[in-house]
Amino acid sequence: MESRGPVGLVHQHFELVDRLTVWENVLLGREPRRGWRIDVAAARAQVNELAARHGLAVDPDALVETLPIGIKQRVELLRELEREPAILLLDEPTAVLAPSEIASFFATIVALARRGTAIMVVTHKLAEVIAYASTVSVMRAGKIVAQMQTAQTSVQALAQAMVGGELPPLAQRAATPNAAEPALRARRLSARSEADAIEEFDLEIAPGEIVGIAGVEGNGQTALADALAGTIPHDGTLELRGSRGTIPQDRQREGLVLDWTIAENVLLGRQRSPAFHKGPQIDRGASVAFAQEIIEQFDVRPPRPQAPMRGLSGGNQQKVVVGRALAGEPAFVLAYQPTRGIDVGAAALVQSRLIEARNAGSAILLVSFELDELFALADRIVVLFRGRIAGTFAREGFDRGRIGALMAGGS
Amino acid sequence: MIDFVWLTLIKATPVIYAALGGVLSERSGVINIGLEGMIAIGAFTGVCVSYATGNAQAGAAAGVLAGALLGALLGIAATRFRVEQIVAGTGINLIALGGAAYGLVVVFGQPGASKQVAALGTGGETAMVVAALVLAVLLHLFLFRTRGGLHVRACGENPRAAEVAGIDPLRVRLWATATGGAFAALGGVFLAMAELDLYSDGMSAGRGFIALAAVIFGRWNPLGATGAALFFGAFSALQYTLQRSGIPSELMQALPYVAALVALAGFAGRARAPAADGIPYVPVR
C-alpha cells in the first residue's frame, strides 16, 4: 500500500476519550508545549483555527461526553484533519446522524475534497453514494466486483452488484383483519437504560401490524426495547398478551452464545418448554430438528445444526436470531435493527420474513435507524425524540421530509 | 493540638505514598491491589540493605527500587500477559508479605522482626512527611498540566483512542504501574526506617488497602487521595489519644479502618473510576 502523505480514519464507533475535552482529544499526542506543561491557550487557539478553516464549529473546552453524537463526530473529524491527511477514510459516517445533519456533513466533506483531499467513504447507504461520491466500487466477499462513475449508475444497479444478481422482491403485505384488542398496550411507560430513556410513552400495537420506531440513535430506543423485553424496570403499565419473540440490538452480546452450536442457541428462551424435554433431560433430537427447520426457512449457511455459532457470518448469525424469534407465530415481536450490519441479500430475507410474520398475525415493533427499512415494512411510524413521541404517521401518510425534521427535533 | 496534627501527618504519610501510587496506576488503567505488598517489600528491602551496608539512604533507595520492580511485575502481567489485575495484585501481596516473613529468617536468623538497623532519624521523618505532600502536588501537576499526564489519563479512559493518537498504552501503563510501585514502597520505607528502625512481620497492617480506599474516596485525584489519607491518619491519631480513656484497645485500633469503611460505603456510589480502569488492553498493532 502506498499513499502520498498521512491517512486519516474516522471510525464508525468513535475513538474519543469521553472524559477529556475537545481540544485534548483533537490534539492528543501532539499537544503544544510551553516549558514543562501543555500550552492550553495555544491548544485552544489551534483547535479554533482548525474548526474555523473547515467550518466545523466546536467549543474546544467542552467535555466530549456532554456533546451530542453529531458534534462528537465533528471532533473525531477535526482530530483527523489536524494531521492534514492526504487521504481521509470514513467508515459508515452517517450511521449516527439525523437526516439534516447528514446533508451538512456531506457539504463539509465535499468542500474538503475540492480543496484536494482524497476521500473514501465506506457505506451501505446507496442513496448517499449516488448523491455525493464521484466514483464507486462495490465489494462482495472481500473482492471488488464493480467499479464505476457514480453519474453513470443507479441505486438499483449498485444493489444488484452487491448481491450478485437480482434481489428477490419483498414479501407482499396481506390485508390483516382489524382486531378488537391490541396485542401490546403500553401506557405512560417510563424507563431508563444505560444509553437513554423514555418518558410517558403510549403505544398500542394490533395483531398483524408493524409499528416502526424512527429516531436518531440514543433518543430512547434502547430504553423502550429493554423495557418491553423486561430486562429493565419501568413505570407505567405494560400489557402484553401471548408469547413474544425478541430480536435484540446486539446479536453477539445479547442474542447468541457464540461458543455454542446452532441447535443449542435456538433452544435459548425455550429451555423450559416441555417440547424440548425428555424427562429431566434436554431433548437433543428435538432441538436439532428445530434448528434444521430454521436453517431451511432462512437458508442459513453452513446448513448444519451442529455448526458452532462463532463460525457463521454476521448475516447467518442474524438469520438464526430472527428465525428463533419468529418461530411459533409469537403474538408480539420486538425487532431492534433486525438488518444491522448484514449483507443486502440476508437483509431482504429477514425483511420478508418479518412481513410474513405480520401477515400471520404477529404484532411487531420495529426499531430501525434506516428510514428506507421503516418505509418498506411499517404500517405505522412513530418518531422518537429525546424519549418522547414526536409524531405518528400512518402508512398512507409517510413523509420523509417531515419525519426527518421530527427526528432532528424540529416541529 | 500540635501533637495531634503531627501524629495525623505521621500516620497518614505511608498511606499518602501508597495512594499516590494507586492514583497513578489506576489513571493509566491498571488497578493495583498489590499496594500492600509493595509497602511491605519497600520496608523489608530498605531494612535489609541498610543492615548490610550500614547506610540508611542506600537502604531507602533499594526499598524504592524493589517497589518499582514489583510494580513493573504487576505492570507486565497486566499489559503484556493481560492477567486479571485483581488476581495479579493479590498474588503480589502474597509473594511480598510471605517473602518478607521468610526473608526475616534468612537474613536476620529470627522470625517476627528484624534487628535494629541504621535509619533515617527524626530529620528523615520530617523530610519524608513534607515530601509526601510535595509529591501529591507534583503528581497533580503532572496528571493535569503536562503532556505525559494527559497521555496517562487518555490510556485509563480509552486506550484505543490513545493508540489511534500515536500513544503506546501498554508502555504508558507499565511505566505508571512501576512508578506507582516505587511510590508505595516509599510508604514502606517511611514505616520501617523513619517511624521505626526495623521491619516487623505484617507492619504494613492493611495500609495498602486503606490507600486503595483513599484512591476512590479521593476520586482518583492526587490531592483528593491525600485528603482521604489524612482523614484516615486523623482517626489513627485519635485512636492513640483515646487509648487512655478505658475503651478496649482492640476496639480503638479498629477505629481508623471502620472510619474508612463507612466513608467509602457512603461515598463509593458517587465516584467514577477511569472508564478503562482494570480492563486489559489488546493493541491494534
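A brief look at the structure comes next. Quick caveat: nothing in here was measured; it's all calculated off a predicted structure.

## Brief notes about helix 5 (residues 121-145) of chain B
All names here are of chain B.
Phase 1 of the analysis: For helix 5, built from 25 residues, the straight-helix expectation of 36 Å at 1.5 Å per residue is met to within 8% by its first-to-last C-alpha distance of 35 Å.
Phase 2 of the analysis: The set of residues buried in helix 5 consists of Gly-124, Glu-125, Met-128, Val-129, Ala-132, Leu-135, Ala-136, Leu-139 and Leu-143.
Phase 3 of the analysis: Here the buried face of helix 5 lies against helix 1 (2-28), helix 6 (147-157), helix 8 (169-195) and helix 10 (222-242).

## Quick word on the nonpolar core
Phase 1 of the analysis: Judged by nonpolar contacts, the single largest core of 109 residues is most densely connected at Val-22, Val-26 and Leu-77 of chain A together with Tyr-199 of chain B.
Phase 2 of the analysis: Counting residues per element, this core draws most heavily on helix 1 of chain B, at 11 residues.
Phase 3 of the analysis: The contact partners of Val-26 of chain A, leaving out residues within four places of it in the chain, are Val-47, Leu-50, Val-75, Leu-78, Arg-79 and Glu-82 of chain A.
Phase 4 of the analysis: By size, the runner-up hydrophobic cluster in this structure holds 52 residues, among which are Ala-335, Ala-347, Leu-354 and Leu-377 of chain A.

## A short note on the interface of chain B and chain A
Phase 1 of the analysis: Between chain B and chain A, the contact holds 20 residues from the first and 19 residues from the second.
Phase 2 of the analysis: Interface of chain B and chain A: buried area, both sides summed, is about 1,800 Å²; carbon and sulfur atoms make up 57% of it.
Phase 3 of the analysis: One can count 4 salt bridges joining chain B with chain A.
Phase 4 of the analysis: The salt bridge involving Arg-147 of chain B is made with Glu-31 of chain A; its shortest N-O contact spans 2.9 Å.
Phase 5 of the analysis: Put simply, chain B and chain A have 9 residue pairs in polar contact (both at pLDDT 80 or more) between them.
Phase 6 of the analysis: Those elements that place two or more of their residues in the side of chain B that touches chain A are helix 5, helix 6 and helix 7 (159-164) of chain B.

## Things to note about the sheet that holds strand 16 (residues 363-367) of chain A
Pairing between the strands of a sheet comes from backbone hydrogen bonds, and it takes one of two forms, parallel or antiparallel.
Residue and element names in this part refer to chain A.
Phase 1 of the analysis: Taken together, the 6 strands give an open sheet; going across it, the order is 12-15-16-10-17-18, and neighbouring strands pair in mixed fashion. Either end of the sheet is taken by a strand with one partner, and the two such strands are strand 12 (244-247) and strand 18 (388-394). Strand after strand, the sheet turns through a mean of 15° between neighbouring axes, direction not considered.
Phase 2 of the analysis: Pairing of strand 17 (residues 380-385) with strand 18 involves 6 bridges; the strand directions are antiparallel. Bridged to Val-382 within strand 18 is Thr-392.
Phase 3 of the analysis: Across the sheet, helix 11 (residues 314-326) is in contact with strand 12 and strand 15 (332-336); its angle to strand 12 comes to roughly 165°.
Phase 4 of the analysis: Helix-sheet contacts for helix 14 (residues 400-407) involve strand 10 (210-214), strand 17 and strand 18, and the interaxial angle to strand 17 is about 25°.

## Considering the pairing of strand 9 (residues 197-205) of chain A
All names here are of chain A.
Phase 1 of the analysis: As paired elements, strand 8 (residues 184-192) and strand 9 share 6 bridges and run antiparallel to each other. Bridging from a neighbouring strand, Leu-189 pairs with Phe-201 of strand 9.
Phase 2 of the analysis: Following strand 8, the chain reverses through 4 residues before pairing antiparallel with strand 9.

## Brief notes about the packing of helix 1 of chain B against helix 9 (residues 207-217) of chain B
Residues and elements named next belong to chain B.
Phase 1 of the analysis: Running from N to C, helix 1 and helix 9 point in directions that differ by 55°, and their axes come no closer than 8 Å. With respect to each other, helix 1 and helix 9 are oriented oblique. Remark: the crossing between helix 1 and helix 9 carries right-handed chirality. Contacts from Pro-14, Val-15, Ala-18, Ala-19, Gly-22, Val-23 and Glu-26 in helix 1 reach Arg-207, Ile-210, Ala-211, Leu-212, Ala-214 and Val-215 in helix 9.
Phase 2 of the analysis: Per-class residue counts for the contact of helix 1 with helix 9 are 10 nonpolar, 1 polar and 2 charged.

## Overview of the packing of aromatic side chains
Phase 1 of the analysis: Within this structure, the stated rule accounts for 11 aromatic pairs over all chains.
Phase 2 of the analysis: With a centroid separation of 5.2 Å and an interplanar angle of 45°, the aromatic rings of Phe-375 of chain A and Phe-398 of chain A are classed as tilted. Placement of Phe-375 of chain A in helix 13 (residues 371-377) and of Phe-398 of chain A in the loop between strand 18 and helix 14 is noted, with a sequence separation of 23 residues between them. Both residues of the pair, Phe-375 of chain A and Phe-398 of chain A, belong to the buried class.
Phase 3 of the analysis: Measuring from centroid to centroid gives 5.8 Å for Phe-232 of chain B and Tyr-257 of chain B, while their planes differ by 70°, and the two rings are edge-to-face. Here Phe-232 of chain B is found in helix 10, whereas its partner Tyr-257 of chain B is found in helix 11 (residues 249-267), with 25 residues between them in sequence.
Phase 4 of the analysis: Among the aromatic residues, ring-to-ring pairing joins Phe-105, Phe-106 and Tyr-132 of chain A into one connected group.
Phase 5 of the analysis: One cation-aromatic arrangement involves Arg-353 of chain A over Phe-298 of chain A; the distance from NZ or CZ to the ring centre is 5.4 Å.
Phase 6 of the analysis: Stacked on the ring of Phe-81 of chain B, the Lys or Arg Arg-80 of chain B has its end atom at 5.1 Å from the ring centre.

How each quantity is defined
- Residues numbered from 1 in each chain as written.
- Chains lettered and ligands numbered in written order.
- Predicted model: local features only at pLDDT ≥ 70, side-chain atom pairs only at ≥ 80, totals over all residues.
- Heavy atoms only, no water.
- Helix = DSSP H or I, 4+ residues; strand = E, 2+ residues; numbered from the N terminus.
- Expected span 1.5 Å × (residues − 1).
- Buried < 20%, exposed > 50% of the residue type's maximum accessible area, 1.4 Å probe, protein only.
- Contact = heavy atoms within 4.5 Å.
- Core = buried A, V, L, I, M, F, W, Y, C linked by side-chain atoms within 4.5 Å.
- Buried area = accessible area lost by both parts, 1.4 Å probe.
- Salt bridge = Lys/Arg side-chain N within 4 Å of Asp/Glu carboxyl O.
- Polar contact = N/O pair within 3.5 Å; in protein donor to acceptor, adjacent residues only side chain to side chain.
- Pairing = 2+ DSSP bridges.
- Axes fitted to C-alpha atoms, helices over the stretch in contact; angles between N-to-C directions.
- Parallel < 35°, antiparallel > 145°, perpendicular 65-115°, else oblique.
- Left-handed = near helix turned anticlockwise from the far one by under 90°.
- Nonpolar A, V, L, I, M, F, W, Y, C, P; charged D, E, K, R; others polar.
- Phe/Tyr/Trp six-rings, centres within 6.5 Å; stacked < 30°, edge-to-face > 60°.
- Lys NZ or Arg CZ within 6 Å of the ring centre and 35° of its normal.

Note that every value here comes from positions in space, so none of it alone points to a role or purpose.
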